[in-house]
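A structural walkthrough
Residue-level listing of the chains:
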Amino acid sequence: MRKDFLWGGATAANQCEGGWQADGRGPAIVDVIPHGKNRMPVMQGIMDYKKLPEDTNYPGREAIDMYGHYKEDIALFAEMGFQCYRFSFSWSRIFPTGEEREPNEAGLKYYEDFIDELLKYKIEPIVTICHFDIPLALVEKYGSWRSREVIPLFLNYCRAIFERFKDKVRYWITFNEINMLMHLPFMGAGIRFEKGEKQLPVQYQAAHHELVASALAVKLAREINPDFRVGCMLAAGSVYPYSCNPVDVWESVKKDRENYFLIDVQVRGEYPAYAKKMMEREGIHLEMHEDDEKVLKENTVDFISLSYYNSRCVRADGQGEASGGNVFASAKNPYLECSQWGWPIDPMGLRITLNALYDRYQKPLFIVENGLGAVDKIEENGEISDDYRIDYLRSHIQAMIEAIEEDGVDMIGYTPWGCIDLISATTGEMSKRYGFIYVDKDDEGNGSLKRIPKKSFAWYKKVIASNGEDLE
Ligand code: BGP
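Position numbers for residues start from 1 in each chain and track the written sequence from start to end. It should be noted that, the model being predicted, local features are given only for residues of pLDDT at least 70 and side-chain atom pairs only at 80 or more, the latter also being counted only at that level, while totals for whole chains, interfaces and linings use all residues. The basis for the side-chain values is all heavy atoms of the structure; hydrogens and waters are excluded.

Here's the deal with the packing of helix 7 (residues 150-164) against helix 9 (residues 199-224)
In this analysis an axis means a line fitted to C-alpha atoms, helices contributing only their contacting stretch, and an angle means the value between N-to-C directions, from 0 to 180 degrees. Labels follow the DSSP assignment, with helices taken as runs of H or I lasting at least four residues and strands as runs of E lasting at least two, numbered in each case from the N terminus. Where helix 7 contacts helix 9, the axes come no closer than 10 Å and their chain directions differ by 30 degrees. Taken together, the axis directions place helix 7 and helix 9 in an arrangement best described as roughly parallel. The handedness of the crossing between helix 7 and helix 9 comes out as right-handed. Residue-level inspection shows Ile-151, Phe-154, Leu-155, Cys-158, Arg-159, Phe-162 and Glu-163 of helix 7 in contact with helix 9, the latter providing His-209, Val-212, Ala-213, Leu-216, Ala-217, Leu-220, Ala-221 and Ile-224. Partitioning the contact of helix 7 with helix 9 into residue classes produces 12 nonpolar, one polar and two charged. Any angle that is under 35 degrees is reported as roughly parallel, and any over 145 degrees as roughly antiparallel; angles of 65 to 115 degrees are reported as roughly perpendicular and all others as oblique. Crossing handedness is defined as follows: a turn of the near helix away from the far one that is anticlockwise and smaller than a right angle gives a left-handed crossing, while the clockwise case is right-handed. Note on definitions: a residue-residue contact is assigned when non-hydrogen atoms from the two residues lie within 4.5 Å. In this classification, the charged set is Asp, Glu, Lys and Arg, the nonpolar set is Ala, Val, Leu, Ile, Met, Phe, Trp, Tyr, Cys and Pro, and all remaining amino acids, among them Gly, are polar.

Structural notes on the site of the ligand
Distances are taken per atom, and a residue is near a molecule or strand as soon as one of its heavy atoms is within 4 Å of it. The environment of the ligand is formed by 16 residues, the closest being Gln-15, Glu-177, Ala-425, Thr-426 and Tyr-434. In the environment of the ligand, an oxygen atom lies 2.9 Å from a nitrogen or oxygen atom belonging to the side chain of His-131. Two N or O atoms form a polar contact when they lie within 3.5 Å of each other; inside protein one atom must be a possible hydrogen donor and the other a possible acceptor, and for residues adjacent in sequence the pair counts only when both atoms belong to side chains. Residue Lys-432 places a side-chain N or O atom 2.7 Å away from an oxygen atom belonging to the ligand. Computed on the free molecule, the ligand has an accessible area of 380 Å², of which 99% lies beneath the protein chains in the complex. Here the residues of the shell around the ligand sort into seven nonpolar, six polar and three charged. Using the Shrake-Rupley algorithm and a 1.4 Å probe, accessible areas are obtained, with residue cover drawn only from the displayed protein chains.

Regarding the pairing of strand 4 (residues 171-175)
Both faces of the sheet carry side chains from a regular strand, because those side chains alternate between them. Only protein chains enter the area calculation, which uses a 1.4 Å probe; residues under 20% of their type maximum are buried, those over 50% are exposed, and those in between are partly exposed. With five of five residues buried, strand 4 is to be regarded as a mostly interior element. Two strands qualify as a pair provided that DSSP identifies no fewer than 2 bridges between them. By the bridge criterion, four bridges tie strand 3 (residues 124-130) to strand 4 in an arrangement that is parallel. What sits directly across from Thr-128, in strand 4, is Ile-173. The pairing of strand 4 with strand 5 (residues 229-236) spans three bridges and is classified as parallel. Residue pairing in the sheet places Ile-173 in a bridge with Gly-231 of strand 5.

Right under this line is the structure:
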């Protein structure tokens, strides 16, 4: 393994920060995404959050209060030996309504202190600019990314953070899991639909706005500091054909393309031919400005970051058992075991996915999410023996190392998801835990928020110290 490979962990403001009204922060989409049965329809953009009952629980508002605990949390990351840490900024902490001329100094100062704390321990900050996050005021006024007007507002936000942190942050990721807009449009991008509205054209237009915004952010980043490295982010996981029947194989090619399509634009700088044809068939006419194509072409990303939780599987006849998984459900793969939440466990799929991405793009890859959501129990002696999580991570790290050492995939680093327990994006639960560090809080929001290292904490520390050699 290369010596400068970055080991660390990942979180995002929307799922761990809390402090939703602290120091002038404005409301954001995460603050109105509920726990419980209404969560999915709200995230899909088919239920209006304003119609939710008064006693609704919004788990993102407090989350694990990293806002109030960051020094303690970063000290624990440092104890594990983190060399980098991926986290996101809350846009509305810096521009409360998204439209202020000047940034909220208290918000910027919070992130400055946060970053200084990381740098104190020589932990490289990896910043996601937008992780399922947008000021609610922009949702209300413009319909979020439906509107082109959000592009310059996003760039104001980028300018404020690029300038403020130009000497402290090198790695930036524009939009987390940009393809999430296609699956959970409100959570991914603040998009809500009118009853009966045709969704696809809205999603593609909004995606186009995000793509232009991302490219312009790359341009701005390079102007402000040519040493910046800016990446895109894909919810990855190769799609397998259920059988070698060509119709299944073709189905898997199409499904993979649905996911690749947005980062194809970010990495190669143009809409791929298959996407143009697909839009034509669907009767989608993107509204573009004259220089959009040039902007996309000239400002491609430096690296590709990805989340990988599971592979997917499709069969053309749509029959058979279904299985869960990050982003969308697929056909049940009979060769794979599943997590407690029904997500297939497929370490070899990580090697396959990394190879597919590297073959396609030949740009450095960065695994910025990977992990096992599982229920943890505190034993009588106060310990948490999460051997299942160690097994999952070990096998995936092994697969990643094979991709690097045996296949020659160029990789920047590895940051497992939810290195400290946090709120699940899809379910809103606390009990779906990913962390090396346990946080005392339950699904109803009760608990002391106390942090407790799990067995995996010491294990991962060894992994980092040995640069991936000691996985036992
Ligand atoms: C990805 C998101 C993360 C994270 C992760 C795990 O889609 O980028 O924000 O939540 O999935 O998903 P979940 O929390 O639903 O288990």
